[in-house]
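Structural description and commentary
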Amino acid sequence: MSLSLNTIRPARGSKRLKKKIGRGNASGHGSYSTRGQKGQRSRAGGRNKLKRLGFKQILAATPKNRGFKSDKPKNQAVNLVALDDAFKDGAKVNGKSLLSAGLVNSAAAPIKILGQGELKLKNLQFSGVKLSASAKTQIEKLGGKVI
């Protein structure tokens, strides 16, 4: 049998007959027509759709229900170990110098220096970056300044 537009048929079992209700008790869906007995959902128009006003309130609440993505930019983390490879003694460390060293992706986004690893450089000057407490103690121990 060749395949052409007049011979195409849906796959077996993919089509289901619609449930016919209210066609007498012999059909199995007579009397209450699958609606049960009393109650709002058994009546005509019983299951109200959301009106516009209620829907606006739900839209307003969705971030609280499902979580949301914060608008605040995330800190770009730089460890002290990475500074050893990228800078020399007495260097000025700021957003631009970290960007040119390839340690961060953007100078505009907030940058935080973390205290992982051992710092060997002396007299570093930090400006325009955040510092963790452990990083700050290591820097100041080696004569560095935080501006």
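Residues numbered from 1 in each chain as written. Predicted model: local features only at pLDDT ≥ 70, side-chain atom pairs only at ≥ 80, totals over all residues. Heavy atoms only, no water.

Of the residues in the chain, 94% reach a pLDDT of 70 or more, and the chain-wide mean stands at 87. Of all secondary-structure elements in the chain, the lowest mean pLDDT belongs to helix H1 (residues 52–66), at 71, while strand S3 (residues 111–114) reaches the highest, 94. (pLDDT = per-residue confidence, 0-100. Helix = DSSP H or I, 4+ residues; strand = E, 2+ residues; numbered from the N terminus.)

Our focus in this paragraph is helix H4 (residues 133–141). Here H4 has its buried residues at Ala135, Gln138 and Ile139. Angular distribution of buried residues about the axis of H4 spans 100°; they occupy a single face of the element. Set apart from the buried face of H4 by more than 90 degrees, the exposed residues are Ala133 and Lys141. Those residues of H4 hidden inside the fold are in contact with helix H2 (80–86), S3, strand S4 (125–126), strand S5 (130–131) and strand S6 (145–146). Among the residues trailing H4, Gly143 stands out with phi positive, at a value near 85°. (Buried < 20%, exposed > 50% of the residue type's maximum accessible area, 1.4 Å probe, protein only. Arc of directions from axis to C-beta. Contact = heavy atoms within 4.5 Å.)

Relative to the helices and strands, Ser132 resides in the loop between S5 and H4. A distance of 3.4 Å separates a polar side-chain atom of Ser132 from the backbone nitrogen of Gly115. If sequence neighbours within four positions are ignored, Ser132 has contacts with Lys112, Ile113, Leu114 and Gly115. (Polar contact = N/O pair within 3.5 Å; in protein donor to acceptor, adjacent residues only side chain to side chain.)

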